[in-house]
Amino acid sequence: MEIIKKPILTEKASLLTETLNRYAFKVDHRANKIQIKQAVEEMFGVTVVTVNTAVVGGKAKSRYTKAGFVSGRSPKYKKAIITVKDGETIDFYSTI
């Protein structure tokens, strides 16, 4: 099971990183806080202080096409917000 799927790079997540030293990730919905903490520490070599998780519900989407009205949902996902020890950082762009 791949626990960390990808980082969340939005304006809100960037603000959290700059002010509170927190990072946001999309994670596997079956993973618990202990598994997420171990995965982040192993992958990035940092000390994790706290892990907060939330399940983000999918939005209802609809559009009108030639075939008629089409509606559906975007998938839900689990988000983890990781607080890292002061003085440590995670560089997402080092692997590019």
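Residue positions are counted from 1 within each chain, in the order its sequence is given. Selection of residues for local features in this predicted model requires a pLDDT of at least 70, selection of side-chain atom pairs for listing and counting requires 80 or more, and totals for whole chains, interfaces and linings are taken over all residues. Values reported for side chains reflect all heavy atoms of the structure, with hydrogen atoms and water molecules removed beforehand.

S.K.: A description of the nonpolar core should follow, citing residues and the corresponding values.
M.R.: Judged by nonpolar contacts, the single largest core of 17 residues is most densely connected at Phe 25, Ile 36, Val 40, Ile 82 and Ile 90. Helix and strand assignments come from DSSP, with helices taken as H or I runs of at least 4 residues and strands as E runs of at least 2, each series counted from the N terminus. Elements supplying a minimum of two residues to this core: β2 (22-27), α2 (33-44), β3 (48-56) and β6 (77-84). What Ile 36 contacts, discounting residues up to four positions off in sequence, is Ile 3, Val 27, Ala 31, Val 51, Thr 53, Ala 80 and Ile 82. Each nonpolar core is a collection of buried residues, namely Ala, Val, Leu, Ile, Met, Phe, Trp, Tyr and Cys, held together in the definition by side-chain atoms within 4.5 Å. The rule is simple: take the accessible area with a 1.4 Å probe, protein chains only, and divide by the maximum for that residue type; under 20% is buried, over 50% is exposed, in between is partly exposed. Any pair of residues with heavy atoms lying within 4.5 Å of one another is described as a contacting pair.

S.K.: Can you break down α2 residue by residue, with the values?
M.R.: The first and last C-alpha atoms of α2 sit 16 Å apart over twelve residues, in line with the 16 Å expected at 1.5 Å per residue. Of the residues making up α2, those classed as buried are Ile 36, Ala 39 and Val 40. Angularly, the buried residues of α2 cover 95 degrees about the axis, an arc narrow enough to put them on a single face. Projecting away from the buried face of α2 at angles above 90 degrees are the exposed residues Ile 34, Gln 38 and Glu 42. Gly 45 sits one or two positions beyond α2 and adopts a positive phi of about 65 degrees. Here, expected helix span is obtained from the residue count minus one, scaled by 1.5 Å. Each C-beta atom gives one direction from the helix axis, and the arc is the one those directions make.

S.K.: Break down the pattern of salt bridges for me, citing the residues and quoting the values.
M.R.: When charged atoms on two side chains of opposite charge get close, those side chains can pair. Here a salt bridge means any side-chain nitrogen of Lys or Arg lying within 4 Å of a carboxyl oxygen belonging to Asp or Glu. Per the stated rule, a full pass over the model turns up one salt bridge. In this structure, Arg 30 engages Asp 28 in a salt bridge whose closest nitrogen and oxygen atoms are separated by 3.1 Å. Among the residues examined, Arg 30 registers a relative accessible area of 55% and is labelled exposed.

S.K.: Which residues make up unusual backbone geometry, and what are the values?
M.R.: Although it is not a glycine, Asn 21 sits at a positive phi angle of roughly 60 degrees. Note on placement: Asn 21 falls in the loop between α1 (11-20) and β2. With a relative accessible area of 13%, Asn 21 lands in the buried category.

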